[in-house]
Amino acid sequence: MPDQPFQPNWASPIGETVSRLMQRADLDTLDLANRLDITISEVRGLLSGSSPLSEQRAQALGEVLGGSTAYWLNRDRYFRDSVARIPIERRYDPDWVASFPIGDLSKFGWIGPSTNEAERASQLLEFFGISLSAQWKFRYPEASSVSAFRTSHALNTRHEAVASWLRQGEKIAAGIACARWNRDLFISRLGEARALTRNRHPLRFFPELRKLCADCGVALVAVPTPSTTSEVPGSV
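The numbers attached to residues start from 1 for each chain and follow its sequence in the written order. This being a predicted model, a pLDDT of at least 70 is required before a residue's local features are given, and a value of 80 or more before pairs of side-chain atoms are given or counted; all residues contribute to the totals for chains, interfaces and linings. Only hydrogens and water are set aside when side-chain values are computed; all heavy atoms of the structure are taken into account.

Visitor: Now, about helix α1 (residues 14-24): what can you tell me, with residues and values included?
Guide: Burial status follows relative accessibility: with a 1.4 Å probe on protein chains alone, a residue under 20% of its type maximum counts as buried, one over 50% as exposed, and anything between as partly exposed. The helix and strand labels rest on DSSP assignments: H or I over at least four residues marks a helix, E over at least two residues marks a strand, and numbering proceeds from the N terminus. Among the residues of α1, those classed as buried are I14, G15, T17, V18, L21 and M22. For α1, the arc enclosing every buried residue in end-on projection is 160 degrees, short of the 170-degree limit, so these residues lie on one face. In this structure, α1 carries R20, Q23 and R24 as exposed residues pointing more than 90 degrees from its buried face. Against the buried residues of α1 lie α2 (29-36), α3 (40-48), α4 (55-65), α5 (69-84) and α9 (133-139). Looking at the residues trailing α1, positive phi occurs at D26, about 55 degrees. The directions considered for the arc run from the helix axis to the C-beta atoms. Residues are treated as being in contact if the distance between any of their heavy atoms lies within 4.5 Å.

Here it is as structure tokens:
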């Protein structure tokens, strides 16, 4: 029987390697962002492998964590080549799929209809812009801990639901044209923004509020809330 070329049925995102080296160097996500001169969001995209690694970014990684530019580019390329050969059934953890409020995501139109687990997994992977469920933990670490919003102490916030809510907001915000972020201008117009929200009809004030924010470099979106919480046993 002729030798068959090695066909891996698994793939490890670049974040697995980067995270180990970050721990060794005692760096957290903010430290790495500062060292690479990129945003926190860009670091998470780098860790998850949601977009191909550029030569410039690979060189910067080598300078901060060690390894040559060629090493990081090859590491990223091998991951993408491996993913392309993995069937959908092996790209996800069933528990990961089951943790999402699929009914709400489908009802809101964020994902399409599905009749089985593999279809639901495929929809979720596409929604989050990733190829493997293993990438998700790098792109969306505990979403509730990095987001500012009000919640009840009597409820447990579901991380997957909050991440879905944030992701939909990201997707909508990406299509909003904004000026460059201007902190001073934004602060100066907060009073005007508050005055707009006194109108009891969102459809009347929201377009104007969105434009005000966009002029300051802020993409304002309104996203329905999926089932984000479950009651804490014994809470009142």
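Visitor: Mind laying out the side chain of R75, listing which residues take part and the relevant values?
Guide: Within the secondary structure, R75 sits in helix α5. When charges are counted, neither His nor the chain ends are considered; positive counts come from Lys and Arg and negative counts from Asp and Glu. Any carboxyl oxygen of Asp or Glu within 4 Å of a side-chain nitrogen of Lys or Arg constitutes a salt bridge here. Buried and unpaired, R75 has no salt bridge, with E16 as the nearest side chain of opposite charge at 6.8 Å. Once residues within four sequence positions are removed from consideration, R75 is found in contact with S12, P13, I14, E16 and T17.

Visitor: Describe the pattern of salt bridges, with residues and values.
Guide: Under the definition given, this model contains 7 salt bridges. Taking the shortest distance from any N to any O, the salt bridge between D104 and K107 comes out at 3.6 Å. Note that D104 and K107 are positioned in helix α7 (residues 102-107) at a spacing of 3 residues, about one turn of the helix. Between R189 and E192 there is a salt bridge whose closest N-O contact spans 3.1 Å. Here the salt bridges share partners, and the residues they tie into one network are R189, E192, K211 and D215.

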